[in-house]
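Structural overview
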Amino acid sequence: MKPNLYRHLVALMLFAASCLSLASTIAAGKPAEPPVEFAIDTLDDGRFDLAQQRGNWVVVNFWATWCSPCLKEMPELSALHTMREQIEVVGLAYEDITVEDMRAFLLERPVSYPIVILDPMSPPQDFATPRGLPTTYLLAPDGKV
């Protein structure tokens, strides 16, 4: 995809998501849902905490090494993470894989965003269990889906 077209699509996606979130809250006439919360260790021995990302858009991507569409979108997510200061991407590996095997995989397919290995039997509670992969959530700067 051409870089300018990609930037326009991302901007449009972010604008549409924020409009839909605001419209649904207003239309429902009820208090907004609380922000999504989770803090989890990353593969690079860091920690990814959604609370520390407030003020940024966050792309939460559930994926797996065996998922062909997941592998196809990884370079685009990496470019998005690198190109946009106000957008954070985190990859949640939703599979049973060892840390060593994941590190070996990422040597061949490096990304610029943090990767987390999830226990498929215990995904973060603020997200629905993925029915298919990839599954991606966009969190607004206030931390809400």
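The numbering scheme is per chain: residues are counted from 1 as the chain's sequence reads. Only residues with pLDDT of at least 70 get local features here, since the model is predicted, and only at 80 or more are side-chain atom pairs given and counted; chain-wide, interface and lining totals rely on the full set of residues. The side-chain quantities take in all heavy atoms of the structure and omit both hydrogens and water.

**Topic: helix α3 (residues 99-108)**
The buried label goes to any residue with under 20% of its type's maximum accessible area, the exposed label to any with over 50%, and the partly exposed label to all in between, with areas taken from a 1.4 Å probe on protein chains only. Under the scheme used here, helices are H or I runs from DSSP no shorter than 4 residues and strands are E runs no shorter than 2 residues, and both carry numbers assigned from the N terminus. Every buried residue of α3 is accounted for by M102, F105 and L106. Angularly, the buried residues of α3 cover 95° about the axis, an arc narrow enough to put them on a single face. Along α3, exposed side chains directed more than 90 degrees from the buried face belong to E100, L107 and E108. Against the buried residues of α3 lie β3 (57-63), α2 (68-83), β4 (87-94) and β5 (115-118). Summarising the geometry, the arc corresponds to the directions from the helix axis toward the C-beta atoms. It only takes one pair of heavy atoms within 4.5 Å for two residues to be counted as in contact.

**As for the pairing of β3**
Of all seven residues in β3, seven are buried; the element is thus mostly enclosed. Burial along β3 is two-sided: W57, V59, N61 and W63 facing one way and V58, V60 and F62 facing the other are all buried. In the sheet, β3 pairs with β4 via seven bridges, with the strands oriented parallel. Residue V58 lies in a different strand from β4, and its bridge partner there is E88. By convention, a crossover is right-handed whenever its connection, traced from the first strand over the helix to the second and viewed with the strands pointing away, goes clockwise. Remark: the β3/α2/β4 crossover connection has right-handed handedness. Two elements, β3 and strand β6 (residues 135-139), share five bridges in a ladder whose sense is antiparallel. The criterion for strand pairing is that DSSP finds at least two bridges linking the strands in question.

**Side note on the pattern of salt bridges**
Salt-bridge detection follows one rule: a side-chain nitrogen of Lys or Arg within 4 Å of a carboxyl oxygen of Asp or Glu. According to the stated counting rule, one finds four salt bridges in the structure shown. As a salt-bridge pair, R103 and D45 come within 3.8 Å of each other at their nearest N and O atoms. In this pair, R103 sits in helix α3 while D45 sits in the loop between β1 (39-41) and β2 (47-49), placing the two residues 58 residues apart along the sequence. Residue classification places R103 among the partly exposed residues on the basis of a relative accessible area of 38%. What makes D45 exposed here is its relative accessible area of 68%.

**Considering the sheet that holds β3**
The strand order across the open sheet built from four strands is β5-β4-β3-β6, with neighbouring strands paired in mixed fashion. Looking at strand neighbours, the two that pair on one side only are β5 and β6, the edges of this open sheet. If you compare each strand with its neighbour and ignore which way they point, the axes differ by 20° on average. Axis definition: a line fitted to C-alpha atoms, limited for helices to the stretch in contact. Angles are taken between N-to-C directions and run from 0 to 180 degrees.

From the geometry alone we can't say anything about function, so treat these as descriptive.
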